[in-house]
Amino acid sequence: MKLLRVIANLGYGSRKHVQQMFREGRLTDATGDVLYADDVRDPRDVRLDGEPLDPPQGLILMLNKPVGYTCSTKDAGRLVYDLLPSRFRARDPVLSTVGRLDRDTSGLLLMTDDGTLLHRIISPKHHVPKVYEATLARDLRGDEAAIFASGTLMLENETTPLAPATLDVVDPRHARLTITEGRYHQVRRMFAAVGNHVEALHRSRVGGLDLDALPSGEWRALDEGDVARIFD
Ligand code: URA
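The structure presented is a predicted model; accordingly, all values stated were derived computationally and were not measured.

Analysis parameters
- Residues numbered from 1 in each chain as written.
- Predicted model: local features only at pLDDT ≥ 70, side-chain atom pairs only at ≥ 80, totals over all residues.
- Heavy atoms only, no water.
- Salt bridge = Lys/Arg side-chain N within 4 Å of Asp/Glu carboxyl O.
- Helix = DSSP H or I, 4+ residues; strand = E, 2+ residues; numbered from the N terminus.
- Polar contact = N/O pair within 3.5 Å; in protein donor to acceptor, adjacent residues only side chain to side chain.
- Contact = heavy atoms within 4.5 Å.
- Near = heavy atom within 4 Å.
- Areas by Shrake-Rupley, 256 points an atom, 1.4 Å probe, with all protein chains shown as cover.
- Nonpolar A, V, L, I, M, F, W, Y, C, P; charged D, E, K, R; others polar.
- Domains from an automatic or database assignment.
- Core = buried A, V, L, I, M, F, W, Y, C linked by side-chain atoms within 4.5 Å.
- Buried < 20%, exposed > 50% of the residue type's maximum accessible area, 1.4 Å probe, protein only.
- Pairing = 2+ DSSP bridges.

Caption draft 1: Local environment of the pattern of salt bridges. Scanning all chains against the criterion turns up 16 salt bridges. With a shortest N-O distance of 2.8 Å, Asp-102 and Arg-188 are connected by a salt bridge. Separated by 86 residues along the polypeptide, Asp-102 in the loop between β5 (96-97) and β6 (105-112) and Arg-188 in helix α5 (residues 186-193) bring together distant segments of the chain. In this structure, Asp-226 engages Arg-229 in a salt bridge whose closest nitrogen and oxygen atoms are separated by 3.2 Å. Of the two residues, Asp-226 and Arg-229 are both situated in helix α6 (residues 224-230); the distance of three residues between them amounts to about one turn of the helix. Linked through salt bridges whose partners overlap, the residues forming this network are Glu-158, Glu-181, Arg-183 and Arg-189.

Caption draft 2: Just the side chain of Thr-112, in detail. When you line up the elements, Thr-112 lands in strand β6. A polar contact of 2.7 Å, which involves the side chain of Thr-112, links it to the backbone oxygen of Leu-59. For Thr-112, the side chain forms a polar contact with the main-chain nitrogen of Asp-114, separated by 3.0 Å. When neighbours within four sequence positions are excluded, Thr-112 is seen to be in contact with Leu-59, Ile-60, Val-94, Leu-95, Ser-96, Val-98, Leu-117 and Leu-118.

Caption draft 3: Expanded view of the site of the ligand. As a structural note, the neighbourhood of the ligand is formed by Leu-101, Asp-102, Thr-105, Tyr-132, His-185, Gln-186, Val-187, Arg-188 and Leu-201. Contact distances for the ligand include 2.8 Å between an oxygen atom and a backbone N or O atom of Asp-102. At 3.5 Å from a nitrogen atom of the ligand is found a main-chain nitrogen or oxygen belonging to Gln-186. For the ligand, whose free accessible area comes to 240 Å², the fraction covered by protein is 95%. A per-element tally of the shell around the ligand places α5 first, with three residues. Along the lines of polarity and charge, the residues of the shell around the ligand split into four nonpolar, three polar and two charged. Viewed by domain, the shell around the ligand spans two of them, domain 2 (60-123 + 208-230) and domain 3 (129-206), each represented by three or more residues.

Caption draft 4: Spatial organisation of the nonpolar core. Of all hydrophobic cores here, the largest spans 33 residues; its most connected members are Leu-61, Val-80, Met-111, Phe-148, Leu-177, Met-190 and Phe-191. Of the domains in this structure, domain 2 (60-123 + 208-230) and domain 3 (129-206) are the two that each give at least three residues to this core. Beyond its immediate chain neighbours, meaning those up to four positions away, Leu-177 contacts Lys-130, Val-131, Tyr-132, Phe-148, Ala-165, Thr-166, Leu-167, Val-187, Met-190 and Phe-191.

Caption draft 5: Structural view of the pairing of β6. Judged by how many residues are buried, β6 sits mostly within the fold: eight of eight residues are covered. Sheet topology places strand β4 (residues 60-65) next to β6; six bridges connect them, and they run antiparallel. Bridging across to β6, Asn-64 finds its partner in Leu-108. With two bridges joining them, β5 and β6 adopt antiparallel strand pairing. Along β6, the bridge assignment pairs Ser-96 with Thr-112. Taken together, the three bridges between β6 and strand β10 (residues 198-206) define a ladder with parallel strand orientation. Bridge pairing in β10 places Thr-105 opposite Leu-201.

The following block contains the structure:
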């Protein structure tokens, strides 16, 4: 693909705008030689004002989502895209969230422009476990782990029971729940189904990938090793 299109697709500006950037000699290779709009190069070898370009198509990143941000491109209020470089919203193919976290849920959110990878991660067929740390309004009763593990729990307005899920009790008001599905508000509704209420919810892990020391509100691009860990 010609560089003009590659760079416009990365969200740096309209084709006209990017054309102007080429005319101004702002695009070079790693040695500083000026590049032209019709050139075909590996985007990783291209520099804009001396800086490497954003990761090319095939990007997958993880964000440590704070509470108060919505997984949407256009809702009112703060959006997860506000935590990324603004041009990421203009990328083509589009950068989507891999499933969703509620506005009031924090933690590990994946985003990618790779539709095949997105579906591999969210498809229940692949059983990618997601781990949530829940803070509860009431003490656990003691029977929740068995109910969640049963594979028979039916949430309100649903026609199929939930797949078995694993509950690890940390203390009477804190629990770690591992689920392999991604139904609407699933964790909150599971605790509601056993007479409790989730006061705070944080996703700490997707597959074998965790947030490590990534601070709240920060993101990083994943490499092949990270992606492999999702499917560990
Ligand atoms: N379950 C929920 O209830 N909320 C989330 O954000 C994710 C899972």
